[in-house]
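Survey of secondary and tertiary structure
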Amino acid sequence: MLPLLLASSSVYRRELLARLQLEFTCSSPDIDESHRPDESAINLVKRLAEEKARALAVSHPAHLIIGSDQVAVLGERIIGKPHTFEKAREQLLASSGAGVTFLTGLALLNSQTGHCQVDCVPFTVHMRTLDPARIERYLRAEQPYDCAGSFKAEGLGVSLFQSTEGPDATSLIGLPLIRLIDMLLAEGVQIP
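Residues numbered from 1 in each chain as written. Predicted model: local features only at pLDDT ≥ 70, side-chain atom pairs only at ≥ 80, totals over all residues. Heavy atoms only, no water.

This structure, assessed with the given rule, holds 2 aromatic pairs. When the ring of Phe 151 is compared with that of Phe 161, the centres are 5.0 Å apart and the planes differ by 75 degrees; the resulting orientation is edge-to-face. Here the residue Phe 151 occupies a position in the loop between α4 (132-142) and β7 (161-165), and Phe 161 occupies one in strand β7, the gap between them amounting to 10 residues. The exposure classification of Phe 151 matches that of Phe 161, with both residues buried. (Phe/Tyr/Trp six-rings, centres within 6.5 Å; stacked < 30°, edge-to-face > 60°. Helix = DSSP H or I, 4+ residues; strand = E, 2+ residues; numbered from the N terminus. Buried < 20%, exposed > 50% of the residue type's maximum accessible area, 1.4 Å probe, protein only.)

Below, the structure written as structure tokens:
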């Protein structure tokens, strides 16, 4: 098996990949993550996932490189990481009683052959009706300012959910393991 490289500095993605019990290393790619005019959210995450993987191909020849990128979509609007309490509060108020769809782009690049598999895995969270006091309590308790959608699904954020739907719950955290396993199997990786 070629060495496995996760093109990310995300602790969340690292923890998810560790579930597969495969040896891997991590390196953070330096790419421009700007949204292009008229680019759909799906095309954005697929493009960025692939660009992250390809950005490390020269420095990591003969590797299987995993790239991933995620955006949250509320209605037709992409919502990103809030970074501040105020922006997180605004995002959660707007999401109250609504569905937020997380689109996770995934790429697996064989830097030896140049073969790249790319996909997008959607996952929707239907939010409870949230009043301002509940939102403030949640934000003070968990401070999810580095998370798209302003909540941590793997933590207390689940208390904000009415229901969820999608093919792979791990995509919500940022690395769709079920689809990644399909890609790794196609490259001859044995799991388990």
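Attention now goes to the UniProt feature "active site" (unreviewed entry) in the protein chain. UniProt feature "active site" (unreviewed entry): in the numbering of this structure it lies at Asp 69. Mapped onto the elements of the fold, Asp 69 is located in strand β3 (residues 64-74). Owing to a relative accessible area of 6%, Asp 69 belongs among the buried residues under this scheme. Leaving out residues up to four positions away in the same chain, Asp 69 has contacts with Arg 13, Glu 33, Val 45, Leu 48, Ala 49, Lys 52, Leu 103, Thr 104 and Gly 105. (UniProt positions renumbered as here; feature names shortened; annotations may be inferred. Contact = heavy atoms within 4.5 Å.)

Let's shift gears to the nonpolar core. Within the largest apolar cluster, 22 residues are counted, with the highest numbers of intra-cluster contacts made by Met 127 and Phe 151. Mapped by element, the contributors of at least two residues to this core are β3, α3 (85-95), β5 (99-110), β6 (116-127) and α4. Apart from residues no more than four positions distant in its own chain, Met 127 is found in contact with Leu 92, Ser 95, Gly 97, Ala 98, Val 100, Phe 151, Leu 160, Phe 161 and Gln 162. In this structure, Leu 4, Leu 177, Leu 180 and Met 183 belong to the second largest nonpolar core, which totals 18 residues. (Core = buried A, V, L, I, M, F, W, Y, C linked by side-chain atoms within 4.5 Å.)

Turning to the UniProt feature "site: Important for substrate specificity" (unreviewed entry) in the protein chain, a few remarks are in order. In this structure's numbering, the residues bearing the UniProt feature "site: Important for substrate specificity" (unreviewed entry) are Tyr 12, Gln 70 and Glu 154. With respect to the secondary-structure elements, Tyr 12 resides in helix α1 (residues 11-18). Ignoring any residue separated from it by four or fewer positions in sequence, one finds Tyr 12 in contact with Asp 146, Cys 147, Lys 152, Glu 154 and Ile 173. The topology assignment puts Gln 70 in strand β3.

Next up on the list: the side chain of Lys 152. Along the chain, Lys 152 falls in the loop between α4 and β7. Despite its burial, Lys 152 pairs with no opposite charge, the nearest such side chain being Asp 146 at 4.6 Å. Ignoring anything within four residues of it in the chain, the contact list for Lys 152 reads Tyr 12, Tyr 138, Glu 142, Pro 144, Asp 146, Cys 147, Gly 157 and Val 158. (Lys, Arg positive; Asp, Glu negative; His and termini not counted. Salt bridge = Lys/Arg side-chain N within 4 Å of Asp/Glu carboxyl O.)

Another aspect to go through is the packing of α3 against α4. Packed helix pairs are characterised by how far apart their axes lie and by the angle those axes make with each other. Packing of α3 against α4 leaves a shortest axis separation of 10 Å and a crossing angle of 135 degrees. Relative to α4, α3 is oriented oblique. For the pair α3 and α4, the sense of crossing is right-handed. Between α3 and α4, the residues in contact are Phe 85, Ala 88, Arg 89, Leu 92 and Leu 93 and Pro 132, Ile 135, Glu 136, Tyr 138, Leu 139 and Arg 140, respectively. (Axes fitted to C-alpha atoms, helices over the stretch in contact; angles between N-to-C directions. Parallel < 35°, antiparallel > 145°, perpendicular 65-115°, else oblique. Left-handed = near helix turned anticlockwise from the far one by under 90°.)

Once that is clear, we can look at unusual backbone geometry. For the peptide bond that leads from Ile 191 to Pro 192, omega is -15 degrees, which places it in the cis range. As for its position among the elements, Pro 192 is in the segment after α6 (177-186). Non-glycine residue Asp 38 carries a positive phi angle of around 65 degrees. As for its position among the elements, Asp 38 is in the loop between β2 (24-26) and α2 (41-55). The phi dihedral of Ala 62 falls on the positive side, at around 60 degrees, and the residue is not glycine. Summarising the element assignment, Ala 62 is placed in the loop between α2 and β3. Overall, Ala 62 belongs to the partly exposed group, its relative accessible area being 26%.

So, about the pairing of β3. Counting buried positions along β3 yields 11 of 11 residues, so the element is predominantly enclosed. Across 3 bridges, the pairing between strand β1 (residues 4-6) and β3 is parallel. In the sheet register, Leu 5 faces β3, and the bridge partner there is Ile 65. Looking at chain direction, β3 and β5 are connected through 11 bridges and run antiparallel. Note that in β5 the partner of Ile 65 across the bridge is Leu 109. Across 3 bridges, the pairing between β3 and strand β4 (residues 77-79) is antiparallel. (Pairing = 2+ DSSP bridges.)

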